[in-house]
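# Coordinates in review
The primary structure of each chain is shown beneath.
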Amino acid sequence: MPNSTKAAATAQHATFLSPLPLFFVLLWSSGFIVAKFGLPYAPPLTFLVMRFAGVLLLLVPAVLLLKAPWPHGRIWQIALAGLLVQAGYLIGVWCAIKLGMPAGLTALIVGMQPILTAFAAPLIGEKVRPRQWLGLLFGIVGVGLVVAAKIKLAGLSTEAILLCMFALLSITVGTLYQKRHCPQFDLRTGTVIQFAASLVVVLPLAIIFEGLGADFAAVQWTPRFIGALLWSVLGLSIGAIFLLFALIRRSDATQVTSLLYLTPPTTAIMAWLMFGEAFNALGILGMVLAVTGVVFVVKKTK
């Protein structure tokens, strides 16, 4: 009887957790849509300062009210992981898009993360099976097909390409570092630590490079900008990151990052629905390959 009860509880837990990857992909993919909405009305670093500050304004009172436990002895590790996953990744992506990098090409470059994670997986004691390597290959080919029509390197600055590469390396190293050194911590207080560390780094950069002042003179307070900022705070910086941490906590790093292969196809569908951006049969084939690749990487053999 105890075994059957335990099995039922495990099945119920698995059923409850199963939608998390889907929600994560949807939220994460919306980041490129938010960039398209928000960046015309504010410099990228200034936008990130407001985004990080908004998260802290919401989470700090909630953490204090709920008396959430603070981590002991791992604050610096959690902060460093946050700097890589939050500040480094977002600075690279948002500044690259601001410099003219197409969102599809940005998604493709950042979508290389599962390959880097798979190569580095042995460093944190994880093994990548041959079937997973095949899935990783399917994924990168699929992602490449999805954005093939949008890749136009002519006219792109070297700085934009380097910023995308920086974002790719930052989030890859951050995911692996967090998985190895601080995989378990209270999500509420841990997120506060990570965003506080990110704000401390991004704020002086915004002041130096964008002339950010107390009046936020460079910001155009349009409805689009306000909507993009609110979604960045609530949907992305709180919703998507909480899901990312939850997935890292219960899965291998390679399996978690393989979900990012679905970002370019999902972004393409969102852009089609919201902005009428069409994609052809080659793009659809790429989406199928990307989904197949994720299934190969994520599915565990019995």
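In this text the structure is predicted, and so the values were computed from the model without any measurement. (Residues numbered from 1 in each chain as written. Predicted model: local features only at pLDDT ≥ 70, side-chain atom pairs only at ≥ 80, totals over all residues. Heavy atoms only, no water.)

### Overview of the side chain of Thr 191
To be explicit about the condition: The way it works is that DSSP assigns letters per residue, a run of H or I at least four long becomes a helix, a run of E at least two long becomes a strand, and they are numbered from the N terminus. In protein, a polar contact requires one atom able to donate a hydrogen and another able to accept it; more generally it is a pair of N or O atoms within 3.5 Å, and residues adjacent in sequence count only if both atoms are side-chain atoms. Here, two residues are considered to be in contact whenever any of their heavy atoms come within 4.5 Å of each other.
Mapped onto the fold, Thr 191 is located in helix H9 (residues 187-210). A polar side-chain atom of Thr 191 sits 2.5 Å from the main-chain carbonyl oxygen of Leu 187. Here Thr 191 is in contact with Leu 59, Phe 242 and Phe 245, once residues within four sequence places are set aside.

### Topic: the confidence of the model for the chain
Note the cut-off: By definition, pLDDT measures how confident the predictor is in each residue, and it falls between 0 and 100.
Confidence in the prediction of the chain, expressed as mean pLDDT, is 82, and 86% of residues score 70 or more. Across the chain, element-level confidence peaks in helix H3 (residues 44-66) with a mean pLDDT of 95 and bottoms out in helix H1 (residues 2-17) with 45. The low-confidence segment residues 4-17 (pLDDT under 50) makes 1 contact with residues lying over four places distant or belonging to another chain.

### Some details on helix H6 (residues 113-120)
This is how it is decided: Burial status follows relative accessibility: with a 1.4 Å probe on protein chains alone, a residue under 20% of its type maximum counts as buried, one over 50% as exposed, and anything between as partly exposed.
Here H6 lies mainly inside the structure; 6 of its 8 residues are buried. Every buried residue of H6 is accounted for by Gln 113, Pro 114, Ile 115, Thr 117, Ala 118 and Ala 120.

### What about a nonpolar patch on the surface?
Rules: For patch detection, residues must exceed 30% relative accessible area and be free of salt bridges, and they are connected within 9 Å for like charges or within 5 Å for nonpolar side chains (Val, Leu, Ile, Met, Phe, Trp, Tyr). Using a 1.4 Å probe, accessible areas were evaluated by the Shrake-Rupley method; residue-level cover was limited to the displayed protein chains. For this document, the term salt bridge refers to a Lys or Arg side-chain nitrogen within 4 Å of an Asp or Glu carboxyl oxygen.
On the surface, a nonpolar cluster with roughly 500 Å² of combined accessible area is contributed by Leu 58, Trp 221, Ile 226, Leu 230 and Leu 234. For the nonpolar patch, the leading source of residues is helix H10 (residues 223-250), giving 3 residues. Within the element layout of this structure, Trp 221 appears in the loop between H9 and H10.

### Remarks on unusual backbone geometry
Unlike most non-glycine residues, Lys 67 shows phi in positive territory, near 55 degrees. Position of Lys 67 among the secondary structure elements: in the loop between H3 and helix H4 (75-98). Classification of Lys 67 by relative accessible area gives exposed; the value is 73%. Positioned with a positive phi, Phe 216 is a non-glycine residue whose angle comes to about 50 degrees.

### Observations concerning the packing of aromatic side chains
Counted only if it meets this: Aromatic contacts are taken between Phe, Tyr and Trp rings whose centres are within 6.5 Å, Trp giving its six-membered ring; a plane angle under 30 degrees counts as stacked, one over 60 as edge-to-face, and the others as tilted.
Applying the stated rule across the entire model yields 7 aromatic pairs. Members of the aromatic cluster, connected to one another through ring pairs, are Phe 47, Trp 94, Trp 221 and Phe 225.

### A word on the environment of Arg 129
Turning to its location among the elements, Arg 129 is positioned in the loop between H6 and helix H7 (130-147). Owing to a relative accessible area of 36%, Arg 129 belongs among the partly exposed residues under this scheme. Separated by 167 residues in sequence, Arg 129 and Phe 296 place their C-alpha atoms 9.9 Å apart.

### A short note on the packing of H3 against H4
Stated precisely, the cut-off is as follows: Orientation is described by lines fitted to C-alpha atoms, with helices fitted over the stretch in contact, and by angles between N-to-C directions that extend from 0 to 180 degrees. Roughly parallel covers angles under 35 degrees, roughly antiparallel covers those over 145, roughly perpendicular covers 65 to 115, and oblique covers all other angles. In this scheme the handedness of a crossing depends on how the near helix is turned from the far one: anticlockwise by less than a right angle means left-handed, clockwise means right-handed. Ten residue types, Ala, Val, Leu, Ile, Met, Phe, Trp, Tyr, Cys and Pro, are classed as nonpolar, four, Asp, Glu, Lys and Arg, as charged, and the remainder, Gly among them, as polar.
Between H3 and H4, the shortest axis-to-axis distance is 9 Å and the interhelical angle comes to 140 degrees. Taken together, the axis directions place H3 and H4 in an arrangement best described as oblique. As H3 runs across H4, the sense of the crossing is right-handed. Seen from H3, the contacting residues are Pro 44, Leu 45, Phe 47, Leu 48, Arg 51 and Phe 52; seen from H4, they are Ala 87, Leu 90, Ile 91, Trp 94, Cys 95 and Lys 98. Residue composition of the contact of H3 with H4, grouped by class: 10 nonpolar, no polar and 2 charged.

### Remarks on the side chain of Thr 106
Here Thr 106 shows up in helix H5 (residues 103-110). Residue class for Thr 106 comes out buried when judged on its relative accessible area of 0%. Leaving out residues up to four positions away in the same chain, Thr 106 has contacts with Phe 32, Val 93, Ile 97, Met 101 and Cys 164.

### Points about the nonpolar core
How we decide: Side-chain atoms within 4.5 Å link the members of a nonpolar core, which is a set of buried Ala, Val, Leu, Ile, Met, Phe, Trp, Tyr and Cys residues.
Core analysis: the largest hydrophobic core is formed by 94 residues, its most contacted members being Phe 24 and Trp 28. In terms of residue count, the dominant contributor to this core is H4 (13 residues). With residues up to four places along the chain from it excluded, the contact list for Phe 24 reads Ala 240, Leu 243, Leu 244, Leu 247, Leu 259 and Leu 260.

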